[in-house]
Amino acid sequence: MIEVYAFRHPETDWNREKKYQGRINIPLNEQGLRQAEEIAALVQNIPFTHLISSGLRRSIQFAEKVAQGRGLEVLIDPNLTERALGVYEGLPYDAHPGGQLAALKSSDFKGGESLASVYARAAQIPQNVRVYGDGTVISLFTHGGLMAPLPAALLKEPYDPEKARLPPNGGCHYFRLDSKGKLKELSLNHPLRPLVLS
């Protein structure tokens, strides 16, 4: 089996200010750095074999906190990057006439990535991680735009943004795959608890 913990990055100033980030390279804020440290402590006994991050700074910062003391290199996978939001990047959530949900459902804004494209990237994750082999425990560090369609992609179901179960900043989805990349277990908004070793 292959275990995967897919994390959404902790808080940034633009999360707090309710602005679209997209692929603008916003770092974690002070609260986000504290969240990253707290989560790193919660998962310190999970025996990760691979740490794989988006190339955006806010995810790399998170991954580096989790990597401390593990002797693992943080690998960068462009497939894990945030959805491009085109003309909305840097604008407040209410910049779209229909509000945030309408903007995220839209596929026609200039410079943005279509829902079909981001769904396809999410659907590629099982095949991307299965190359690391049976018995691996993988942590992915990514973004809300990719986390939103991930459950539907794993279940091979159509993606409906109105039904998305997006984890909070620093939250995660957990799933297990067999050696062929077939889904065996999925836990949305997976609770993180300290692992007690016997």
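The paragraphs below set out a description of the structure included in this document. (Residues numbered from 1 in each chain as written. Predicted model: local features only at pLDDT ≥ 70, side-chain atom pairs only at ≥ 80, totals over all residues. Heavy atoms only, no water.)

### Here's the deal with the overall build of the chain
- Summing up its helical and strand segments, the chain has 7 helices and 6 strands in all.
- The C-alpha radius of gyration of the chain comes to 16 Å, within 12% of the 16 Å expected for a compact globule of 198 residues.
- Dimensions of the chain along its principal axes, counting C-alpha atoms only, are 55 × 35 × 25 Å.
- Put simply, the chain has 198 residues, and 47% of those count as buried.
- If you take every contact in the chain between residues at least 6 apart in sequence, the share linking residues at least 24 apart comes to 71%.
- Working note: accessible area of the chain is about 9,700 Å², and carbon and sulfur atoms make up 50% of it.
- Computing the positive centroid from 23 side-chain charges and the negative centroid from 21, the chain places the two 4 Å apart. (Helix = DSSP H or I, 4+ residues; strand = E, 2+ residues; numbered from the N terminus. Rg over C-alpha atoms; globule rule 2.2 N^0.38 Å. Buried < 20%, exposed > 50% of the residue type's maximum accessible area, 1.4 Å probe, protein only. Contact = heavy atoms within 4.5 Å. Areas by Shrake-Rupley, 256 points an atom, 1.4 Å probe, with all protein chains shown as cover. Lys, Arg positive; Asp, Glu negative; His and termini not counted. Charge placed at Lys NZ, Arg CZ, Asp CG, Glu CD.)

### Things to note about the sheet that holds strand β2 (residues 50–53)
- Pairing is mixed in the open sheet, where 6 strands are placed in the order β3-β2-β4-β1-β5-β6. Here the strands that pair on one side only, and so sit at the sheet edges, are β3 (74–76) and β6 (183–187). Strand-to-strand twist of the sheet, defined as the mean angle between neighbouring strand axes without regard to direction, takes the value 20°.
- Note that strand β5 (residues 172–177) and β6 share 4 bridges and pair antiparallel. Bridge pairing links F175 to L186 in β6.
- Of the strands in this sheet, β1 (2–8), β2, β3 and β4 (137–142) touch helix α3 (residues 57–67), which is tilted by about 165° from β2. (Pairing = 2+ DSSP bridges. Axes fitted to C-alpha atoms, helices over the stretch in contact; angles between N-to-C directions.)

### Some thoughts on the nonpolar core
- Y5, F7, V43, F48, F62, V66 and F141 are the most contacted members of the largest nonpolar core, which has 19 residues in total.
- The set of elements that each furnish at least two residues to this core consists of β1, α2 (30–42), α3, β4 and β5.
- For this core, the leading source of residues is α3, giving 4 residues.
- Apart from the residues within four sequence positions on either side, V66 is in contact with A40, V43, F48, L51 and F141. (Core = buried A, V, L, I, M, F, W, Y, C linked by side-chain atoms within 4.5 Å.)

### With respect to the packing of aromatic side chains
- With the rule as written, the count across this model stands at 7 aromatic pairs.
- Ring geometry for Y20 against Y93: centres 5.1 Å apart, planes inclined by 55°, an arrangement best described as tilted. Remark: Y93 occurs in the loop between β3 and α4 (99–105) and Y20 occurs in the loop between α1 (13–16) and α2; sequence separation between them is 73 residues.
- Among the aromatic side chains, those forming a connected cluster through ring pairs are Y5, F48 and Y174. (Phe/Tyr/Trp six-rings, centres within 6.5 Å; stacked < 30°, edge-to-face > 60°.)

### Concerning the environment of D160
- Assignment of secondary structure puts D160 in the loop between α7 (150–155) and β5.
- Along the backbone, D160 and A148 are 12 residues apart, and their C-alpha atoms lie at a distance of 9.3 Å.
- Engagement of the side chain of D160 in a polar contact is seen with the backbone nitrogen of E162, the distance being 3.0 Å. (Polar contact = N/O pair within 3.5 Å; in protein donor to acceptor, adjacent residues only side chain to side chain.)

### Description of the pairing of β4
- Of all 6 residues in β4, 6 are buried; the element is thus mostly enclosed.
- Here β1 pairs with β4 via 6 bridges, running parallel. Looking at β4, one finds that R8 is bridged to T142.
- Here β2 runs beside β4; their pairing, made up of 4 bridges, is parallel. In the strand pairing of β4, H50 is matched with I138.

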